[in-house]
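# Analysis of the macromolecular model
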Amino acid sequence: MILAPHKDNFLKKWIPLRLIIPLIVILTIASSLCLKLDTMSIKDQEKIFNEQQALQTKLVATALEEKLENIVAASSIIADYGLVNFLENKRSVESIKQLFKLKQNNQAALILLSFHSSAKTEPLVSDINSLLKARAHQFAQEWTEKYFSTVSSMRSGFITPKPVVNKKNSLAGLIMPVWHNEKFAGALTAVIDLDQLTEKYISPLQIGKFGSGYIIDGAGMVIYDNEPEILGENIFTLHKGYQELIKIDSRMLHEPHGTGEYSFTIKRHKHVERKLVAWNTVRFGDMKLVIAISAPESDATNSMTSVRAIRSAMLVFLFLLLFAMIFFFYYHRSQQFLIRQNKELKSKDSVFEAIAKNAPGIIYKCDLSQPYEMHYISSKVRKVTGYEPDNFLRGGKSMYNNLVHPDDRAELRHEISRSLNRGESFGCEYRIARSDGTERWVYEKGTKLPEEGSMVGFIIDITDRKNEEKALKEAEENYSALVTTAPLGIFQTTPQGKFINTNSQMAAYYGYNSPESFLNEITDIARECYVQSEERERLLTILGKFGHTNNFEAEHKRKDGSIFWASETIMAIKDEDGNIIRMDGFLMDISERKEHEETMRRLAMFDNLTGLPNRVLFDDRLKQALSHAGRSHMKVAILYADLDSFKQVNDELGHMAGDIVLKEVSGRFSDCLRTSDTLSRIGGDEFIFILQDVGAKQEIEVVAQRIVDSMRAPFYIGEKVYRIGVSIGISIFPDGGEEKEKLIRIADEAMYKAKNMGKNGYSF
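Everything in this summary refers to the structure shown in the same document. (Residues numbered from 1 in each chain as written. Predicted model: local features only at pLDDT ≥ 70, side-chain atom pairs only at ≥ 80, totals over all residues. Heavy atoms only, no water.)

Moving on, we come to empty space enclosed by the protein. Inspection of the entire model under this criterion finds 2 cavities of 30 Å³ or more. Here the largest cavity is characterised by a volume of approximately 50 Å³. Every residue lining the largest cavity is listed: Phe491, Thr493, Phe499, Met506, Tyr510, Ile525, Cys529, Tyr530, Arg536, His556, Glu568 and Ile570. Secondary-structure elements contributing two or more residues to the lining of the largest cavity are strand 16 (489–493) and strand 19 (563–574). (1 Å grid on protein atoms, 1.4 Å probe; cavity = no way out; pocket = protein on both sides within 12 Å on 5 of 7 lines; lining within 4 Å. Points joined across faces, edges and corners; volume = space filled by probe spheres on them. Helix = DSSP H or I, 4+ residues; strand = E, 2+ residues; numbered from the N terminus.)

Below, the discussion takes up the pattern of salt bridges. Applying the stated rule across the entire model yields 28 salt bridges. We note a salt bridge from arginine 440 to aspartate 461, for which the minimum N-O separation is 3.0 Å. A residue pair is termed long-range when its members are at least 10 positions apart, and arginine 440 in strand 14 (residues 439–449) and aspartate 461 in strand 15 (residues 454–461) qualify at 21 residues. Residues participating in the shared-partner salt-bridge network are Glu429, Arg465, Lys466 and Glu469. (Salt bridge = Lys/Arg side-chain N within 4 Å of Asp/Glu carboxyl O.)

All right, on to the packing of aromatic side chains then. Under the counting rule described, the total for this entry stands at 15 aromatic pairs. The structure contains a cluster of three or more aromatic residues connected by ring pairs, namely Phe491, Phe499, Tyr509, Tyr510, Tyr512, Phe518 and Phe564. It is arginine 155 that lies over the ring of tryptophan 179; its NZ or CZ is 4.5 Å from the centre. Lying across the ring of tryptophan 441, lysine 466 places its NZ or CZ 4.6 Å from the centre. (Phe/Tyr/Trp six-rings, centres within 6.5 Å; stacked < 30°, edge-to-face > 60°. Lys NZ or Arg CZ within 6 Å of the ring centre and 35° of its normal.)

Another aspect to go through is the side chain of glutamate 528. Inspection of the secondary structure puts glutamate 528 in helix 14 (residues 525–528). Here the side chain of glutamate 528 touches threonine 523 through a polar contact of 3.0 Å, side chain to side chain. (Polar contact = N/O pair within 3.5 Å; in protein donor to acceptor, adjacent residues only side chain to side chain.)

Here lysine 498 lies in the loop between strand 16 and strand 17 (499–502). Sequence spacing of lysine 498 and isoleucine 522 is 24 residues, and the spatial spacing of their C-alpha atoms is 7.1 Å. Excluding anything up to four places from it in sequence, lysine 498 contacts Gln492, Thr493, Leu519, Ile522, Thr523 and Ile525. (Contact = heavy atoms within 4.5 Å.)

Another aspect to go through is the sheet that holds strand 4 (residues 170–180). Think of a sheet as strands paired side by side through backbone hydrogen bonds, with each pair either parallel or antiparallel. Read across the sheet, 5 strands follow the order 2-1-5-4-3 without closing on themselves; strand pairing throughout is antiparallel. In this open sheet, the two edge strands, each paired with only one partner strand, are strand 2 (124–125) and strand 3 (164–165). Across 6 bridges, strand 1 (residues 110–116) lies against strand 5 (residues 183–193) in antiparallel orientation. Looking at the pairing, leucine 112 lines up with valine 191 of strand 5. Seen against the sheet, helix 2 (residues 93–106) touches strand 1 and strand 2 and runs at an angle of roughly 150 degrees to strand 1. Sheet contacts for helix 3 (residues 131–152): strand 1, strand 2, strand 3, strand 4 and strand 5; angle to strand 4, the most-contacted strand, approximately 45 degrees. (Pairing = 2+ DSSP bridges. Axes fitted to C-alpha atoms, helices over the stretch in contact; angles between N-to-C directions.)

So, about unusual backbone geometry. Along the chain, phenylalanine 733 connects to proline 734 via a cis peptide bond; the corresponding omega equals 5 degrees. Its identity is not glycine, yet asparagine 551 carries a phi of approximately 55 degrees, on the positive side. Secondary-structure assignment places asparagine 551 in strand 18 (residues 548–557). With a relative accessible area of 51%, asparagine 551 lands in the exposed category. Positive phi, close to 70 degrees, is recorded for serine 645, a residue that is not glycine. One can find serine 645 in the loop between strand 21 (635–644) and helix 18 (646–653). (Buried < 20%, exposed > 50% of the residue type's maximum accessible area, 1.4 Å probe, protein only.)

Attention shifts here to the packing of helix 17 (residues 615–632) against helix 21 (residues 740–756). In the contact formed by helix 17 and helix 21, the axes pass within 11 Å of each other and the chain directions differ by 110 degrees. Considering the angle they form, helix 17 stands roughly perpendicular to helix 21. Viewed along their axes, helix 17 and helix 21 form a crossing whose handedness is right-handed. Note on element contacts: helix 21 touches helix 17 through Lys740, Leu743 and Ile744, opposite Arg615, Phe618, Asp619, Leu622 and Leu626. Looking at the contact of helix 17 with helix 21 residue by residue, the classes come out as 5 nonpolar, no polar and 3 charged. (Parallel < 35°, antiparallel > 145°, perpendicular 65-115°, else oblique. Left-handed = near helix turned anticlockwise from the far one by under 90°. Nonpolar A, V, L, I, M, F, W, Y, C, P; charged D, E, K, R; others polar.)

This part is about the environment of methionine 711. Relative to the helices and strands, methionine 711 resides in the loop between helix 20 (697–710) and strand 24 (715–717). Each C-alpha atom of the pair methionine 711 and valine 726 lies 7.0 Å from the other, and the pair is 15 residues apart in sequence.

Moving on, we get to the pairing of strand 20 (residues 580–589). Strand direction decides the pairing type here: strand 16 and strand 20, joined by 5 bridges, are antiparallel. By the bridge assignment for strand 20, glutamine 492 is matched with aspartate 584. Two strands pair when backbone bridges link them, and strand 19 and strand 20 are joined in this way by 9 bridges, in the antiparallel orientation. Across the sheet, alanine 572 pairs through a bridge with methionine 583, a residue of strand 20. Connecting strand 19 to the antiparallel partner strand 20 that follows it, the hairpin turn spans 5 residues, and glycine 578 within it adopts a positive phi of roughly 85 degrees.

What follows deals with the sheet that holds strand 21. Here 5 strands make up an open sheet; going across it, the order is 22-23-21-26-27 and the pairing mixed. Edge positions in the sheet fall to strand 22 (678–683) and strand 27 (762–763), since each of these pairs with one other strand and no more. Bridge analysis of strand 21 against strand 23 (residues 686–694) gives 7 bridges, and the strand direction is antiparallel. For leucine 639, the partnering residue across the bridge sits in strand 23 and is phenylalanine 689.

Our next topic: the packing of helix 18 against helix 19 (residues 655–671). A packed helix pair is summarised by two numbers, namely the angle formed by the two axes and the spacing between the axes. For the pair helix 18 and helix 19, interaxial distance at closest approach is 7 Å and the crossing angle is 145 degrees. Between helix 18 and helix 19, the contacting residues are Phe646, Val649, Asn650 and Leu653 on the first element and His655, Ala657, Gly658, Val661 and Leu662 on the second. Residues of the contact of helix 18 with helix 19, tallied by class, amount to 6 nonpolar, 3 polar and no charged.

Taking 1.5 Å per residue as the helical rise, helix 10 (residues 406–421) with its 16 residues ought to reach 22 Å, and the 24 Å between its terminal C-alpha atoms agrees with that figure. The set of residues buried in helix 10 consists of Asp408, Leu412, Glu415, Ile416, Ser419 and Leu420. The buried residues of helix 10 all sit within an arc of 115 degrees when viewed along its axis, so they share a single face. Residues of helix 10 that are exposed and point over 90 degrees away from its buried face: Pro406, Ala410, Glu411, Arg413, His414 and Asn421. Check the buried side of helix 10 and you find it contacts strand 13 (426–433), strand 14 and strand 15. (Expected span 1.5 Å × (residues − 1). Arc of directions from axis to C-beta.)

Nonpolar side chains tend to gather and get buried jointly when the protein is soluble and globular. In terms of nonpolar packing, the biggest core is built from 54 residues, with Leu83, Leu124, Leu174, Leu188, Met252 and Phe284 touching the most fellow members. Top contributing element to this core by residue count: helix 1 (residues 3–87), with 10 residues. For leucine 124, the residues in contact, after removing those within four places along its chain, are Leu83, Phe86, Val93, Ile96, Phe100, Ser114 and Phe115. Counting residues in each nonpolar core, the second largest holds 33 residues, with Ala637, Ala657, Met711 and Ile728 among its members. (Core = buried A, V, L, I, M, F, W, Y, C linked by side-chain atoms within 4.5 Å.)

Time to look at the side chain of threonine 160. Structurally, threonine 160 is set in the loop between helix 3 and strand 3. For threonine 160, a relative accessible area of 9% puts it in the buried group. In this structure the side chain of threonine 160 is engaged in a polar contact, spanning 3.2 Å, whose partner is the backbone nitrogen of methionine 287. With near-sequence residues (within four places) excluded, threonine 160 lies in contact with Gly173, Phe284, Gly285, Asp286 and Met287.

The analysis is restricted to geometry; functional conclusions fall outside its scope.
In C-alpha cells, the structure reads:
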C-alpha cells in the first residue's frame, strides 16, 4: 500500500522531466534545420519561377514573331502576285478584294489591306464594315501619305510606322512597295489589330496572383497591358521616381532577352518587396516589341512558405504525439486491448445480421460435401425463391440445387467444382424456378473456407438486368437494321477528318461498294470528299460555335472524280470540357435539286439563245459598274449595238437561220471584250456592252472599232453568204450623265446617229 503512491509520483514527475529536455533539444535542432532548408528551397523556387517566366516570354515572342512573319508573307504574296496581276488587267477589283478577304481570314489579326498608286490615290481597299476597320483605314491613309515617297525608293522589304495605341485603338502596320515591269507601281499598306495579336498569348500566362504581363515597343511605349488606362503611355514616364524600375526598363530595351529584379512598393500593404522580371524581344521590320512578365517575390515563394508552415506544424505534432504514446503506452495497453477485444466480440453477431438483413440478395453457408448441410441462409431467400429459410436449413443446399433450370445445372456444377478445386472463388449466372412456377435469373458468387470444410456465398436476383439487356439487344438490332436500310447516308466522324462508322448508302454516294472499303480508303475527309477542302473547315467552325448544323450544302466528289451536291445535318458530341470528340450526322444527295435551281437561275438571268446576260442581269451589272466607278473615279462606257442587214437573213432563210447568225455574232462580240466587261442581248438583234475602268476616249474607240471589225468576215449559211454590219452608239459615265436609264437612252440615240451616218460604224 506504501509503494503505490510512490510509483504514481514517479510517473508524474520523473518520466516527463526526462522526456521534455531531449524533446526541447530535438525541436530546436529540427527547427533550425527546417528553416535552413526552407530558405534554400525558396531561393531555388525563385530561380525556377524566374526561369519559367523567361521560358513563357520566349514562347510568346516566338508565337508573335511567327504570326507577324505570316502577315508579312501574306502581304508579300499580294504585292508580288495579286496586285501585279491586277495592274496587268489579269484580275478584277472584286477578285483582288476577295484575295484581301481570304488573307484577312487566314491571318485574324490582319484587319485591313489597301493599295495606293500614289500618296493620295487608293484604287483598292478591303471591306470596311466596322468602326475598328474605319479607324484602321484612316490611319492606313495617313501612314501611306507620310511614307509613300520613302517606299517608292525601296526595291523590297517594308516600313513599320509608329503604332497607334490608346484606349480606343491598338493598331500597327506595314507598308511595302509594289513593282510592275521594273517600275514602282504603288504601295501596299496592311493594318494589324494588336489586341487580336497579343490578347490570346498574354492572358493565359501563369504570372502569379499579383503579377502582370505587358508589351512595349522599342521606344518604351506600352502596346499591351492588363490595365487599359496606361496603353500608349511611355514606360519611363510611368516609372518616374523609381530608379530600380528604370534600370530594368533600360535593360529590356537594349538586351534581346533576360531576367532581373527590383524593389517596389505594394500599395495594398504599404511595404517594399522584390519583384521578379523576365523579357524577350520580337523584331517586326524597323519596329521592336519587348514581351515582359513581372511578379512579386511572394508569388514565387508563397507555396514554399506554406510548405514551411505545414512542415513545422507537422513536426510539433509528431513530437507531441510521440510523447503521448510513450506516456500512455504501458499504462493503458492491457486495458485498451481488453476493451477493444470485448467490443469486437459483442458486435460481431450484430454486424453480420445487419449486413445479411440489408444485403440485396441471399447470404448462405453450407458444407462442401453431401448432403450439403446448410449452416446459415438469410431471410432474403423468401423473396427470391418463394420458400421459407427453414426449408433450406432442413433440406440443405441440395434442395436449392433442385430449383436450378435443368439446362443450367451441369454447367453450374462444373464451374463450382472447377473453381473450388483450384482454391478460387466462383461466379455464375443461371435460371431458377420459384415456388409459383415463374422463372428468374440469378447470379451466385461463392468461395471455399478451407479450415472449416465449407463454403460461403451470396445469390442475387438479376432478372430485371437480364430483361434490360435483352431489350437493349433488340433495340440495337432494330437500330442497326434501320441504319443499314436507310435511304440516307448516315455516318460518324472524328474532328480530325476520319470516318468512324457509316452505312451502305453513304458508301454508295461516294462510289464505293461497301462501308468497309469506304472506311479503309478515306483517310482525309476534307481532301478526299470535298471539292473545296475549305468547306470542311467552315463546317467545323459552325459546329464549334453552335454545336450542330442543318442542311449544310457543299460540293462533294466521288471515287471516280465525278462531282455531286450534298446536304449534311450534323450534331457535335462534346466532352465535359466542351471539346468536340465526335460528329454524328446524315447526308443526302441534292444534285438534282441544285441542277434544277441552276436551270431556273439561268432562265431568269441569261438569254436562252446566246447564253448572254439578259436585261435583268445587265441592269444589275450596270448598277454595280456605276457604283464602283463612282468610288474609284474611273469611267464606264455603254455601247448600244444594232446589227445592219440582219433582217435580210430572217426574211430569206427564216428565224432558225437568224438564230444561228445571232449565236455566231455573240461569240465574235465576246472575243472583243476583257473579262471585266459585260455583253448582254436585250432583244432581237440589239446588244449592249459595258466597259469598266476606262480612261481616255481613245480606249473606247479601240474597243468599238474592234467590234465593228469583228463583223467584216462574212456569214456562211447553207449555200449562201451574207455580210452583216453593226452600228454602235456610245455614252460615257459620268460625262453623259449619272443615271443608267439616261446613259442607255443616250447610247441608243447615238446608235441611230451611226446608222444615219452610213451604218457599220460607231458614234458618241
